[in-house]
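# A look at the structure
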Amino acid sequence: MNHKLVISYPHMGDYSIIFTQLFRHVLPEAQLLPPPLITQHTIELGSRHSPDFVCSPFKYNLGNYIEALEHGANVLFQTGMGCRYGYYGELQEQILRDLGHDFQFICLSRERAKPTAICDSLRLLGCTQSPPKLLYALFLACESCRILDRFDRFMRENVGFEVLVGSFESVRGELLRQLAVADSLQDLRAARNTCQQASAALKLNKPEHPLRVGIVGELYTLMEPFSNFFVEKQLAKDGISVSRLMGIWFLLFGQHRTRDLRDCGGYLHYLVGANGVHSISHSLNYAKQEYDGIIHMKSFGCIPELNATPALQALSRDYNIPILDLSFDTQTSETGVQTRLEAFADMIRLKKEYNDAAVS
Ligand code: SF4
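Below is a short write-up of the structure. (Residues numbered from 1 in each chain as written. Predicted model: local features only at pLDDT ≥ 70, side-chain atom pairs only at ≥ 80, totals over all residues. Heavy atoms only, no water.)

### Topic: the packing of aromatic side chains
We count it as follows: The pairing test for Phe, Tyr and Trp rings, Trp by its six-membered ring, is centres within 6.5 Å, and the orientation test on the planes gives stacked under 30 degrees, edge-to-face over 60, and tilted for anything in between. Note on geometry: a ring has a charge over it if NZ (lysine) or CZ (arginine) is within 6 Å of the ring centre and within 35 degrees of the ring normal.
Scanning all chains against the criterion turns up 15 aromatic pairs. Taking NZ or CZ as reference, R97 lies 4.1 Å from the ring centre of F103, over its face.

### Side note on the layout of surface pockets
In this approach a probe as big as a water molecule rolls over the atoms, and the regions it shows empty are the leftover space. Put simply, the rule is: Points on a 1 Å grid, built from protein atoms alone, make a cavity when a 1.4 Å probe fits but cannot get out and make a pocket when they are open with protein on both sides within 12 Å along at least 5 of 7 lines; residues with an atom within 4 Å of a point are the lining residues. Grid points are joined across faces, edges and corners, and a volume is the space filled by probe spheres set on the points. Going along the chain from the N terminus, every DSSP run of H or I of four or more residues is numbered as a helix, and every run of E of two or more is numbered as a strand. Residue polarity is assigned by list, with Asp, Glu, Lys and Arg as charged and Ala, Val, Leu, Ile, Met, Phe, Trp, Tyr, Cys and Pro as nonpolar; anything else, Gly included, falls into the polar class.
Taken as a whole, the second largest pocket holds about 1,200 Å³ of empty space. M155, E169, R172, E232 and K233 are, among the 44 residues lining the second largest pocket, the residues nearest its centre. For the lining of the second largest pocket, the element with the most residues is helix α6 (residues 131-158), which contributes eight residues. Residue composition of the lining of the second largest pocket, by class: 22 nonpolar, seven polar and 15 charged.

### Remarks on the nonpolar core
Test applied: Joining through side-chain atoms within 4.5 Å is the link that ties buried Ala, Val, Leu, Ile, Met, Phe, Trp, Tyr and Cys residues into a set, and such a set is a nonpolar core. We call a residue buried when its accessible area falls under 20% of the maximum for its residue type, exposed when it is over 50%, and partly exposed in between, using a 1.4 Å probe and counting protein chains only. In what follows, residue pairs with any heavy atoms lying within 4.5 Å of each other are defined as contacts.
Residues F77, V231 and I295 are the most contacted members of the largest nonpolar core, which totals 68 residues. With nine residues, α6 is the single largest residue contributor to this core. Filtering out sequence-adjacent residues up to four positions away, V231 remains in contact with I215, I295, M297, L326, F328, V337 and L341.

### Observations regarding helix α15 (residues 334-359)
This is how it is decided: Multiplying 1.5 Å by the residue count of a helix minus one yields the expected span of that helix. The definition of a polar contact used here is a pair of N or O atoms within 3.5 Å, where within protein one atom must be able to donate a hydrogen and the other to accept one, and adjacent residues in sequence count solely through side-chain atom pairs.
In this model, α15 (26 residues) spans 38 Å end to end at C-alpha, consistent with the 38 Å of a helix rising 1.5 Å per residue. Looking only at α15, the buried set comprises V337, L341, F344, A345, I348 and K352. Those residues of α15 hidden inside the fold are in contact with β5 (211-217), α10 (231-237), β6 (240-243), β7 (293-299) and β8 (323-328). Residue S333 occupies the N-cap position of α15, its side-chain oxygen lying 3.3 Å from the main-chain nitrogen of T335.

### A word on the site of the ligand
Selection criterion: By convention in this text, a residue qualifies as near a molecule or strand provided that one of its non-hydrogen atoms is within 4 Å of it. Segmentation of the chain into domains, including their bounds, is taken from an automatic or database domain assignment.
C55, P57, C83, R84, Y85, E218, A274, S299, C302 and P304 make up every residue found near the ligand. Classifying every residue of the shell around the ligand by side-chain character gives seven nonpolar, one polar and two charged. Counting contributing residues per domain, the shell around the ligand is built from domain 1 (6-129) and domain 3 (209-360), each supplying no fewer than three.

### Looking at empty space enclosed by the protein
Considering all chains together, one arrives at one cavity of 30 Å³ or more under this definition. By volume, the largest cavity amounts to about 40 Å³. The wall of the largest cavity is formed by I215, V216, G217, L222, L245, M246, N275, H278, S279 and H282. Of all the secondary-structure elements, those providing two or more residues to the lining of the largest cavity are β5 and α13 (276-288). Taken together, the residues of the lining of the largest cavity sort by class into five nonpolar, five polar and no charged.

Right, dumping it as C-alpha cells:
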C-alpha cells in the first residue's frame, strides 16, 4: 500500500480508547482516527442513510463511519455476531460506497472473525508484527478492558454517593488516559494501582441500605450511554446504586451457554439470540439478591431482547420486583425517558419505605 492508512472504528462507550491502544501496537505505521464524539448530528446522519426498520446500533455506527470518513479516515473496521448485527457490515459498506466514499472496509464478522482470517486481514493492511507481538497486543487490550470494566462496576455502585461531585469522573478520566498510552503489562499495573488508590481515597456518603437497581438488556444500548440518554448517570443523581454486569470483558470471557441457560432458573429453556439469555439470568440474580428494581433496556425492534421480555415479566411477578422496560430508537424522546425514570425511582423508593416500615 503506498498511501497512509487512517483507521477508524465505531464508538461504544469509551472502549474506542482501547481499540486505539490495540491498533497502535498492531499497525504502528497507521494513523488512528476515532470518530468525533457522538452528537445529535451523528444520529441524524446515520438515520438519514439507514433503512427505517433497522435497529439503532446500525444507525449509530453508520453515523460514526460517515463522520470518520469526512474527517479523513480511509480504513473502517466492523465486527459483530450473535444476531443480525453479523450481517450489518456488508450493508453499511454498500451504503457508504453509494454515498461516494472511497475506503477499505474490514468486516470481521462471522467466518471472518476467526483468528486466521483476522490475521489475513491485518496482513492485507500491511501488518508486519510477529504472532507473539500480535498476541501480546491482544492480551494488553483484554487486560485493559478488564481494568476498565472492573472500575466502572465499582463506580456505578458508588458514584451516586460521592461527596465531591465529579470526583469519580476525574479518577476515570486519568485511568482512560493511562490505558490509552499503555505499552506493557507494567504500564497497565501502574494504571490499575493509581486508580485503586485514588478510588480508595474518595469520600462517600453512602447509606447502609441504598436503593439498588440492576440494569440488563441489549449490549450496545447498555454500553453506549449516548444511546440511552445517560440513564446510569440519571439514576446516580437520584442517589441510586446501579449494577450492570454487561461489558466488553463479560462479552469476551463471561459467556457460557450451558451455565447461562441454567442460571435462568427455568425461565428460559433455549437461547434466544444475542444476549437475551443474560437479560434473564442477570435479572434473576438481582431478584434473588433483593434489588429494589431492574431496568431492561433495548433498541426498538431488538428481536433477542423482545424474546426475553415474557420471561422477564414472569420473573417480575414471581419475585415481586419491578422491571422498567425502556426501548430506544433515534426518534425516542429524552423527556419521555426521563419522566418514566423519575416515576420508576419514586415508585421503588416508596415501595422500599413501605417494606422497611412494615418490618420495623
Ligand atoms: S442485539 Fe438487538 S439491537 Fe443489538 S444488533 Fe442485535 S438485533 Fe440489533
